[in-house]
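Each chain is listed here by its residues.
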Amino acid sequence: MSGDLMDDDARWAAVLRRDRALDGRFVTGVLTTGIYCRPSCAARHPHRDNIRFFADGAAARSAGLRPCKRCLPDDVARDEGAVLAAIAAIKGSEEPLALADLAGRTGYSPTHFQRVFTRHTGLSPAAYARALREERARQALSDGNRVTDAIYDAGFSGPSRFYENMEGRMGMTASAWVNGGKGATIHWAVVPTSLGDMLVAATTKGVCRLSFAEGRDALEERFPAAELIEGGDAFAALLGQVVEAVEAPTGGFDHIPIDVKGTAFQEAVWRELRKIPAGETRSYSDIAAAVGKPKAVRAAGSANGANNVAVLIPCHRVVRSDGSLGGYAYGLPIKDELLRREGAPGQPRLDDF
Ligand SMILES: [Zn+2]
């Protein structure tokens, strides 16, 4: 949408959702305080009646307003240039670049540069570089290269660094992960179920998050740059299927699409979890063996725990080899109840602990 074609209602809506995409298209003058802001300014929103929109900073200044010290509305173009330059430097470097080094190239202080970069990409420069290396490693691995080649191709200094970085990390589709969900639309809702309040979120490809006792804040943390929309017609149909699957898990849920992305190892573990039939359980060593890494029992446990979509990727069907429940991200009562509903034999009841 071009700035010229926007009316004030559209501008105000952009201000209310702190839309970064419209930074540089107009500024918001606050007549009571005498300052003007970019649309995405993080400061508390002024009253609508006290606002006047201007095409740019120059227009606002000639009306006697001063730029906001928090969002620095006159720096939009400079910020964009700095972020693009930093991304190019990160991509072109074999070694991780220090924050001070990156900031020095842009003329910003490290703290200010970190804030600007994070506002644009949804990730800190260090996290962005890490995600980029992981993505390159994933790509190299899926191209069928040997693991060690993939490690060096991706710019890691050696195998131990590679595994350190991959451990416990979890992504989505590559671009969504690198940009904090930028460009992705995620519909979500919190619904009451017999297991407590359940958060369900989905991209156009499938369910990307299913959890308990979480709300919009948790979702925003995972997908800081995505557009989050509560509800929606198409989403409501999917939501209905998910609730049914959770309330009656023996019915199976292979028909429900999921949208997750992890390391090659995590994805292999999640695929194995999907193969465990309702009413059965596996141990962490069973899963490690099933993905061809019988010694990676602890890593299988971590991959299990990094699962973003509870129930549909049935990590609750993995228990300790002694038959005890092991852990569960949302508490053992929910794991116990899910297994009971599925009719898993010989589950120790929580009362036994
Ligand atoms: Zn401001």
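You'll find the protein entered in an unreviewed UniProt entry as methylated-DNA--[protein]-cysteine S-methyltransferase, with Sphingopyxis witflariensis given as the organism. UniProt lists a comment for the protein under the heading Sequence similarities (unreviewed entry), and it reads "Belongs to the MGMT family."

A.B. asks: Explain the overall build of the protein here, please?
C.D. replies: The secondary structure content of the protein amounts to 15 helices and 10 strands. Considering only intrachain contacts with a sequence separation of at least 6, the fraction spanning at least 24 residues in the protein is 60%.

A.B. asks: For this particular structure, what's the right way to read the UniProt feature "binding site: Zn(2+)" (unreviewed entry) in the protein?
C.D. replies: According to UniProt, the feature "binding site: Zn(2+)" (unreviewed entry) maps to Cys37, Cys41, Cys68 and Cys71 in the numbering used here. Taking the farthest pair of C-alpha atoms as the criterion, the annotated set spanning 35 residues converges on one region, since that pair is 8.7 Å apart. Examined against the element boundaries, Cys68 turns out to sit in the loop between strand 4 (66-67) and helix 3 (76-92). Apart from residues no more than four positions distant in its own chain, Cys68 is found in contact with Ile35, Tyr36, Cys37, Cys41 and Pro73.

A.B. asks: How should I be thinking about the sheet that holds strand 6 (residues 196-202) in this particular structure?
C.D. replies: Backbone hydrogen bonds are what pair the strands of a sheet, in a parallel or an antiparallel way. Spatially, four strands are ordered 7-6-5-8 in an open sheet, and the strand pairing comes out mixed. Across the chains shown, the open sheet's two edge strands, defined by having one partner strand only, are strand 7 (207-212) and strand 8 (227-230). Between one strand axis and the next, the sheet turns by 20° as a mean value, whatever way the strands run. The pairing of strand 6 with strand 7 spans five bridges and is classified as antiparallel. Its bridge partner lying in strand 7, Ala202 is registered against Val207.

A.B. asks: Help me understand the coordination of the zinc ion in this model?
C.D. replies: By definition of the ideal shapes, a tetrahedral metal site with four donors has angles of 109.5 degrees and an octahedral site with six donors has angles of 90 or 180 degrees. Within the protein, the zinc ion binds to Cys37 (SG), Cys41 (SG), Cys68 (SG) and Cys71 (SG); these donor distances fall in the range 2.3 to 2.4 Å. Of note is the zinc ion, whose four donor atoms meet at the metal with angles of 105 to 125° in an arrangement that counts as tetrahedral. Of note, the zinc ion draws all its donor residues from one chain, in the sequence arrangement C-x3-C-x26-C-x2-C. You can see Cys37 sitting in strand 2 (residues 35-37) and its partner Cys71 sitting in the loop between strand 4 and helix 3, a full 34 residues away along the chain. Each member of the pair, Cys37 together with Cys71, is buried.

A.B. asks: Explanation requested: the nonpolar core in the structure shown.
C.D. replies: One recurring pattern in soluble globular proteins is that nonpolar side chains are buried together. Ranked by internal contacts, the top residues of the largest apolar core, which has 38 residues, are Val207, Leu210, Phe212, Val242, Leu273 and Leu312. Going through the elements one at a time, strand 5 (185-193), strand 6, strand 7, helix 11 (233-247), helix 12 (264-275), helix 13 (284-290), helix 14 (297-305) and helix 15 (332-342) are the ones with two or more residues in this core. A per-element tally of this core places helix 11 first, with six residues. Each of domain 3 (185-247) and domain 4 (264-342) gives at least three residues to this core. With near-sequence residues (within four places) excluded, Leu210 lies in contact with Met198, Leu199, Val200, Val242, Val246, Asn308, Val309, Ala310, Val311, Leu312 and Tyr330.

A.B. asks: Which parts of the structure should I look at to understand the sheet that holds strand 4?
C.D. replies: Pairing is mixed in the open sheet, where four strands are placed in the order 3-1-2-4. In this open sheet, the two strands that pair with only one neighbour each are strand 3 (51-54) and strand 4. Pairing of strand 2 with strand 4 involves two bridges; the strand directions are parallel. Residue Tyr36 lies in a different strand from strand 4, and its bridge partner there is Pro67. Those strands touched by helix 1 (residues 8-16) are strand 1 (27-30) and strand 3, and its axis lies near 105° from that of strand 3.

A.B. asks: Sorry if this is basic, but what is going on with the side chain of Glu272 here?
C.D. replies: Considering the arrangement of structural elements, one finds Glu272 in helix 12. For Glu272, a relative accessible area of 16% puts it in the buried group. Those residues in contact with Glu272, other than ones at most four positions away along the chain, are Ile287, Ala290 and Val291.

A.B. asks: Looking at this structure, how should I read the pairing of strand 7?
C.D. replies: Within strand 7, six of the six residues are buried, which leaves the element mostly enclosed by the surrounding structure. Once strand 6 ends, the chain turns through four residues before running back antiparallel as strand 7, passing Gly206 with a positive phi of about 160°.

A.B. asks: Which parts of the structure should I look at to understand helix 15?
C.D. replies: Owing to its 3.6 residues per turn, the α-helix aligns residues three or four sequence positions apart on the same side. Most of helix 15 is tucked away, with eight of its 11 residues classed as buried. Those residues of helix 15 that fall on the buried side of the exposure criterion are Ile334, Lys335, Asp336, Glu337, Leu338, Leu339, Arg341 and Glu342. Where helix 15 is buried, its residues contact strand 7, helix 11, helix 13 and strand 10 (318-319). Residue Gly343 follows helix 15 closely and has a positive phi angle near 75°.

A.B. asks: Help me understand the packing of aromatic side chains, please; the structure alone is not making it clear to me.
C.D. replies: Aromatic ring pairs: the centre-centre distance and the angle between the two ring planes describe each pair. The full count for this structure, using the stated rule, is five aromatic pairs. Judged by centre distance (5.8 Å) and plane angle (50°), the ring pair of Phe113 and Phe117 falls under tilted. Note that Phe113 and Phe117 are positioned in helix 5 (residues 110-121) at a spacing of four residues, about one turn of the helix. Since its relative accessible area comes to 0%, Phe117 is described here as buried. On the basis of an interplanar angle of 80° and a centroid distance of 5.7 Å, the ring pair of Tyr328 and Tyr330 is categorised as edge-to-face. Here the aromatic residues Phe113, Phe117 and Tyr128 are joined through ring pairs into a cluster of three or more. Arg11 extends its terminal NZ or CZ atom over the ring of Phe26, reaching a point 5.7 Å from the ring centre.

Each value, and the rule that gives it
Residues numbered from 1 in each chain as written. Predicted model: local features only at pLDDT ≥ 70, side-chain atom pairs only at ≥ 80, totals over all residues. Heavy atoms only, no water. UniProt positions renumbered as here; feature names shortened; annotations may be inferred. Helix = DSSP H or I, 4+ residues; strand = E, 2+ residues; numbered from the N terminus. Contact = heavy atoms within 4.5 Å. Pairing = 2+ DSSP bridges. Axes fitted to C-alpha atoms, helices over the stretch in contact; angles between N-to-C directions. Donors = N, O, S within 2.8 Å, 3.2 Å for Na, K, Ca; no water. Tetrahedral: all angles 85-135°; square planar, octahedral: opposite > 155°, others 65-115°. Buried < 20%, exposed > 50% of the residue type's maximum accessible area, 1.4 Å probe, protein only. Core = buried A, V, L, I, M, F, W, Y, C linked by side-chain atoms within 4.5 Å. Domains from an automatic or database assignment. Phe/Tyr/Trp six-rings, centres within 6.5 Å; stacked < 30°, edge-to-face > 60°. Lys NZ or Arg CZ within 6 Å of the ring centre and 35° of its normal.

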